[in-house]
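Residue-level listing of the chains:
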Amino acid sequence: NATLLTVEATGNVGVGTNTPKSVLSVSTNAQMAPTTKLLTVASTTGASLFQILASGNVGIGTAMPNYKLHIGGPAPNVRIGDSGAVNLYFSNENNSIKYNDNQFQFNTTQNQGFTFNGGKVGIGTTTPAAQLSASSTSNIVAMFDQRGTSDILRLNDAGTTVFKVQDGGNVG
């Protein structure tokens, strides 16, 4: 005789358990496939709004979540943050968007893409040294830096300046 439903004097409800641990506890002793749906919240049309699978995957706007948190739908939007530091990461097989330590990184095809770090922009580098820094092993590398009387344009090769335009237009 398996317990199907328990309602305690505290108001806790258990489905498949004699000892609900919260307002609603769902439990089973049966061996389940990872894709077994433990909890489904659906719209009046039957569309899945929220899903929890036996694997622990949670879906919002998808009937079969494939990840720990899977948000689906025609235009899924996510906002993560509070008054403290925000760490955010979105990815698929070839692309990612990451925010951590006050910098944004946009990577594509598993290579370094764009990084926004402390008001500096890096292309092909996670540590831009000037307002705009570009780094690549197969393309021209350019660094632009203007701070009053500093160089306006500097081209480097492996960290060594090979061409620069100084404040006032002098070339060296």
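Draft legend 1. Here's a closer look at the pairing of strand β5 (residues 48–53). Pairing geometry for strand β4 (residues 37–42) and β5, over 5 bridges, is antiparallel. Bridging across to β5, Lys37 finds its partner in Leu53. Between β4 and β5, which pair antiparallel one after the other, the connecting turn spans 5 residues, and Gly46 there sits at a positive phi close to 95°. Looking at chain direction, β5 and strand β6 (residues 58–60) are connected through 3 bridges and run antiparallel. Bridge assignment links Gln51 to a residue of β6, and that residue is Gly59. If you look at the hairpin formed by β5 and β6, you'll find 4 residues sitting between the two strands, and Gly56 has a positive phi there, around 100°.

Draft legend 2. Representation of a nonpolar patch on the surface. Where nonpolar side chains cluster on the molecular surface, the patch consists of Leu4, Leu5, Val7, Val15, Val23, Leu24 and Val26 and spans about 700 Å² of accessible area. Put simply, the parts of the chain that give the nonpolar patch at least two residues each are β1 (5–7) and β3 (24–26). Along the chain, Val7 turns up in strand β1.

What counts as what
- Residues numbered from 1 in each chain as written.
- Predicted model: local features only at pLDDT ≥ 70, side-chain atom pairs only at ≥ 80, totals over all residues.
- Heavy atoms only, no water.
- Pairing = 2+ DSSP bridges.
- Helix = DSSP H or I, 4+ residues; strand = E, 2+ residues; numbered from the N terminus.
- Patch = residues over 30% accessible without salt bridge, like charges linked within 9 Å, V, L, I, M, F, W, Y side chains within 5 Å.
- Areas by Shrake-Rupley, 256 points an atom, 1.4 Å probe, with all protein chains shown as cover.
- Salt bridge = Lys/Arg side-chain N within 4 Å of Asp/Glu carboxyl O.

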